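Coordinates in review
One letter stands for each residue in the lines below.
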Amino acid sequence: MSSSFDFNYESTFGALLIGFGLSCVIFGILSIQTFTYFQRYPSDLLAYKLLVASIWVIEVFDQVLIGHATYVYIISRYGNVVSVIATRILWSLVYQTIVGSFVGTVVKTCFALRVWRFSNHSIIITGIILILVFGTFGLAICYAYKCSQLTSILLVNDIKMYGTYALAAGVAADFVTSASLCFFLHRLRTGHQKSDSLVNRLTIYAVNTGGVTGAVSLTTLLLYNISPHTFYFMATFFCLGKVYALSLLCTLHTRKTIRGRGTDRGGNTTSKAGEVGGIFLVNHQPRSSFDVEEIPAKSMHIDVQQEVAVVSDADGSVV
């Protein structure tokens, strides 16, 4: 343990408390979005519903872990610095690292499969994204395990390498996913105004969802490396998993509203074929003569066909 380290409540437990407060706010927003989703899309795929419900339940558990750690360090052990620095890291903080990373892994895997769909099943691009995604989760587990072995919370800087690599891989996964979606969506442009307008809006949503999660991940990474002896990074890390969950919900909400159709109350999207496809958050309609990849883009007739393909993709799957 570094003797030069000066334990400071404001930069440690103060940051912990701020992180708990921010996570409560974001969890509230997530809960509202979850309720809104089930209210607006009662006929959506069963797989979508199960995914949204599961993520919300996991985030409830995640918030309980954060609350437990905050209560123990700030209330139960208040004023007892020796008890804080001379004992192992609280188990709830260790498990919260894994739970938060797991939610991010699920959401990023869904977006990776979306890249797979738009890239015409590119093994290289999708493989790179999935390697980064699961590499992030693996490093997060290693970091959590190393944390559980530490004899003091002040020694967390000794395993900074694992945390840095995990956060960096997460940032890279967000960047590659957003860049890939933008690239492959750009290839769908036809020169036809209505079709290109839809592609532009889908591109904006892809950039926004990846940009927000990437910004939070990058902020956590910078805080962790710039101030390793403080808990500043916890203020953003506690929110990271919930931001990923929100990005998925926002994507589900915009499948219809991006084209002004509102909800899909009137349609039943829970066919057996659809339910299987829904697990992967991609459109599993049979590829028809309207498919983008199978038609040259050189005439107005073909432009209209491409527009139908883009619109069909936007309706049936997640971007």
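Residues numbered from 1 in each chain as written. Predicted model: local features only at pLDDT ≥ 70, side-chain atom pairs only at ≥ 80, totals over all residues. Heavy atoms only, no water.

This paragraph deals with the nonpolar core. One recurring pattern in soluble globular proteins is that nonpolar side chains are buried together. Counting residues in each nonpolar core, the largest one holds 54 residues, and the members touching the most others are Tyr73 and Ile89. Counting residues per element, the ones that place at least two in this core are helix H1 (10-40), helix H2 (46-76), helix H4 (91-118), helix H5 (123-149), helix H7 (193-226) and helix H8 (232-257). Ranked by residues supplied to this core, first place goes to H8 with 13 residues. If we skip the residues at most four places from it in the chain, Ile89 touches Tyr73, Val94, Cys147, Leu150 and Ile153. Ranked by size, the runner-up nonpolar core spans 14 residues in total, among them Ile129, Val133, Leu181 and Leu185. (Core = buried A, V, L, I, M, F, W, Y, C linked by side-chain atoms within 4.5 Å. Buried < 20%, exposed > 50% of the residue type's maximum accessible area, 1.4 Å probe, protein only. Helix = DSSP H or I, 4+ residues; strand = E, 2+ residues; numbered from the N terminus. Contact = heavy atoms within 4.5 Å.)

This paragraph deals with the UniProt feature "transmembrane region" (unreviewed entry) in the chain. The sites that carry the UniProt feature "transmembrane region" (unreviewed entry) are, in the present numbering, residues 12-38, 50-74, 94-116, 123-145, 165-185, 205-224 and 230-252. For residues 123-145, the helix share is 100%, the strand share is 0%, and the end-to-end C-alpha distance is 32 Å. Across residues 165-185, the secondary structure splits into 100% helix and 0% strand, with the terminal C-alpha atoms separated by 30 Å. (UniProt positions renumbered as here; feature names shortened; annotations may be inferred.)

Let's shift gears to unusual backbone geometry. Even without being a glycine, Asn120 presents a positive backbone phi close to 60 degrees. Looking at where Asn120 falls in the secondary structure, it is placed in the loop between H4 and H5. A positive phi is found at His121, a non-glycine position, where the angle reads about 65 degrees. Relative to the assigned elements, His121 resides in the loop between H4 and H5.

On to the pattern of salt bridges. All chains considered together, the criterion is met by 2 salt bridges. We note a salt bridge from Lys242 to Glu59, for which the minimum N-O separation is 3.3 Å. Of this pair, Lys242 sits in helix H8 while Glu59 sits in helix H2, placing them 183 residues apart in sequence. On the basis of relative accessibility, which here comes to 0%, the residue Lys242 falls in the buried class. For Asp62, the salt bridge is made with Lys242, and the minimal N-O distance between the two is 2.5 Å. (Salt bridge = Lys/Arg side-chain N within 4 Å of Asp/Glu carboxyl O.)

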